[in-house]
Amino acid sequence: MQLFQWIGSLFGYVLWFLYDILQNYGLAIILFTILIRIIMFPLSVKQQKTMAINARMAAKQQEIRKKYANDQARMNQEIQKLYEKEGISPSSGCLTSFLPLLLLMGVFYSVMYPLDNTLHISTEYVSSAIQKIASLPGMGISASSGVRYEQINFLTNFHSLKEHFGDGLQSFLGFSNADFAKLESFSNGFNFGINLLETPSNKGVFSVYFLIPFLCFATSVASTLITMRINKTGQTQQGCMKIMFIAMPLFTAWIAYSVPAAVGFYWICSTVISFGLTLILNIFYNAGAMTAQQEAQRVALLEIKEKDVHRN
């Protein structure tokens, strides 16, 4: 948990910087997602190369499965030898499956604790302010709402607090001028067609907010299926990859349903942008291109050896 809190704090600096420029949290999340994908680009290239290699090996694996259909142990042994010959690991895609989850949890903590991790207001002042507000009736902030939702509820009720206290709100909360100015600005930036501070589970399955977890699941499954079809890796998925194909979309949809819409919105943006990047990379790193490149390298190596022979 401390790791996620730390990542959330780092992400919070970036999100606040982008929000300060755009003045809209939804737009800040979109740009933040693009920046994350740029940073992860080398890993994306490696993942695409691995998928291309798997697609190229599909026919060879099928031959092995057919040849040793009655000898499971020998079949696994020969497939393992094939992976070793190609220089890849059957679990090489697991890191790129778990890393988005790690990033998602970082965003979760930056959204769930916006005063601590995005605005970086002192935890001492935040706790003191929430305790003061918790004693006020009708503010939606109480011990029964759960500790992790206190800061979300605080932001949600900020305008009601301003109406109640007027110019005396800053003094009541005990925030500095700079912190109060950031809080006032931030509380106005969560409208993106829907309020990104709202939690879909509080609105029910028949509300527009249910689109967030639904789109999280649908975009994840659709992008994975299309990517597998393009790379022809559907029959070569091994170990954790088969589990993650279903588990990851379900888990993220459940998270998106249970937490503020901003978290699910990030996941949708991340999935769509990542899928677009995969389509682009597939142009340069597909099974045909990789095979042609390998053949060109083989021919070049033969030519070099031939020249060496003539010299000797």
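Our structure's up above, just so we're on the same page.
Scoring rules and cut-offs
- Residues numbered from 1 in each chain as written.
- Predicted model: local features only at pLDDT ≥ 70, side-chain atom pairs only at ≥ 80, totals over all residues.
- Heavy atoms only, no water.
- Phe/Tyr/Trp six-rings, centres within 6.5 Å; stacked < 30°, edge-to-face > 60°.
- Lys NZ or Arg CZ within 6 Å of the ring centre and 35° of its normal.
- Axes fitted to C-alpha atoms, helices over the stretch in contact; angles between N-to-C directions.
- Helix = DSSP H or I, 4+ residues; strand = E, 2+ residues; numbered from the N terminus.
- Parallel < 35°, antiparallel > 145°, perpendicular 65-115°, else oblique.
- Left-handed = near helix turned anticlockwise from the far one by under 90°.
- Contact = heavy atoms within 4.5 Å.
- Core = buried A, V, L, I, M, F, W, Y, C linked by side-chain atoms within 4.5 Å.
- Buried < 20%, exposed > 50% of the residue type's maximum accessible area, 1.4 Å probe, protein only.
- Expected span 1.5 Å × (residues − 1).
- Arc of directions from axis to C-beta.
- Salt bridge = Lys/Arg side-chain N within 4 Å of Asp/Glu carboxyl O.
- Nonpolar A, V, L, I, M, F, W, Y, C, P; charged D, E, K, R; others polar.

Asker: What exactly am I supposed to notice about the packing of aromatic side chains here?
Answerer: How two aromatic rings sit relative to each other is given by the distance of their centres and the angle of their planes. With the rule as written, the count across this model stands at 17 aromatic pairs. Ring geometry for phenylalanine 165 against phenylalanine 172: centres 4.3 Å apart, planes inclined by 25°, an arrangement best described as stacked. Among the aromatic residues, ring-to-ring pairing joins Trp16, Tyr19, Tyr25, Phe186 and Phe190 into one connected group. Over the ring of phenylalanine 172 we find lysine 132; its NZ or CZ atom is 5.9 Å from the centre of that ring.

Asker: Would you take a moment to explain the packing of helix H2 (residues 25-39) against helix H15 (residues 261-284) for this structure?
Answerer: Two quantities define a packed helix pair, namely the angle between the axes and the distance from one axis to the other. At their nearest, the axes of H2 and H15 sit 9 Å apart, and the two run at 40° to each other. It follows that H2 is oblique to H15 by the angle criterion. Considering the relative orientation of H2 and H15, their crossing is right-handed. Mapping the contact onto sequence places Tyr25, Gly26, Ile29, Ile30, Phe32, Thr33, Ile34 and Arg37 in H2 and Ala262, Phe265, Tyr266, Cys269, Ser270, Ile273 and Ser274 in H15.

Asker: Quick question: what am I supposed to make of the nonpolar core here?
Answerer: Burial of nonpolar side chains together is a common tendency in soluble globular proteins. Tyr25, Phe154, Leu173 and Leu183 are the most contacted members of the largest nonpolar core, which has 60 residues in total. Among the elements that make up this core, the one with the highest residue count is helix H5 (residues 94-112) (9 residues). When neighbours within four sequence positions are excluded, tyrosine 25 is seen to be in contact with Leu15, Tyr19, Val111, Phe186, Gly189, Phe190, Leu196 and Ala262. In terms of nonpolar packing, the next biggest core, distinct from the first, is built from 6 residues, Ile64, Tyr68, Leu82 and Tyr83 among them.

Asker: Would you explain the side chain of threonine 118 in this entry?
Answerer: Relative to the elements of secondary structure, threonine 118 occurs in helix H6 (residues 114-118). Aside from chain neighbours lying at most four places away, what touches threonine 118 is Gly12, Trp16, Ser110, Tyr113 and Phe186.

Asker: Explain unusual backbone geometry here, please?
Answerer: Excluding glycine, most residues fall at negative phi; most peptide bonds, likewise, are trans. If you check the backbone angles, glutamine 23 has positive phi at about 60° while not being a glycine. Even without being glycine, histidine 120 reaches a positive phi, approximately 55°. Among the structural elements, histidine 120 can be located in the loop between H6 and helix H7 (123-134). What makes histidine 120 partly exposed here is its relative accessible area of 23%.

Asker: Would you explain H7 in this entry?
Answerer: The terminal C-alpha atoms of H7 lie 16 Å apart, and with 12 residues this matches the ideal 16 Å at 1.5 Å per residue to within 8%. Every buried residue of H7 is listed here: Val126, Ala129, Ile130 and Ile133. Axial view of H7: buried residues confined to an arc of 100°, hence all on one face. Set apart from the buried face of H7 by more than 90 degrees, the exposed residues are Glu124 and Gln131. Tucked into the core, H7 has its buried residues touching H6, helix H8 (150-156), helix H9 (158-165) and helix H10 (169-173).

Asker: When you look at the side chain of serine 223 in this model, what are you seeing that I'm missing?
Answerer: With respect to the helices and strands, serine 223 occurs in helix H13 (residues 211-231). A relative accessible area of 12% means that serine 223 is categorised as buried. Excluding residues within four positions of it along the chain, serine 223 makes contact with Thr271 and Phe275.

Asker: Hey, could you run me through helix H1 (residues 2-22) in this one?
Answerer: Counting along an α-helix, one turn takes 3.6 residues, and residues three or four places apart therefore face a common direction. Taking 1.5 Å as the rise per residue, H1 with 21 residues should run 30 Å; its terminal C-alpha atoms sit 30 Å apart, in good agreement. Residues of H1 that are buried: Ile7, Gly8, Ser9, Phe11, Gly12, Leu15, Trp16, Leu18 and Tyr19. Once H1 ends, the next one or two residues include glutamine 23, with phi positive near 60°.

Asker: Can you walk me through the pattern of salt bridges in this structure?
Answerer: Should the charged atoms of two oppositely charged side chains come close, the side chains can pair. For the structure shown, the criterion picks out 4 salt bridges. The closest approach of N and O atoms between lysine 162 and glutamate 184, which form a salt bridge, is 2.3 Å. One end of the pair, lysine 162, is in helix H9; the other, glutamate 184, is in helix H11 (residues 177-186), and 22 residues separate them in sequence. Of the residues examined, lysine 162 reaches a relative accessible area of 28% and is grouped as partly exposed. When the shortest N-O distance is used, the salt bridge between aspartate 179 and lysine 182 registers 4.0 Å. Of this pair, aspartate 179 and lysine 182 both sit in helix H11, 3 residues apart, roughly one helical turn.

Asker: Where do I start with the packing of H1 against H2 in this structure?
Answerer: Contact geometry of H1 with H2 gives a least axis separation of 8 Å together with a crossing angle of 125°. Taken as axis vectors, H1 and H2 run oblique relative to one another. Like other packed secondary-structure pairs, H1 and H2 cross with a definite hand, here right-handed. Of H2, the residues touching H1 (which contributes Phe11, Val14, Leu15, Leu18, Tyr19 and Leu22) are Tyr25, Leu27, Ala28, Ile29, Leu31, Phe32, Leu35 and Ile36. For the contact of H1 with H2, the per-class residue count stands at 14 nonpolar, no polar and no charged.

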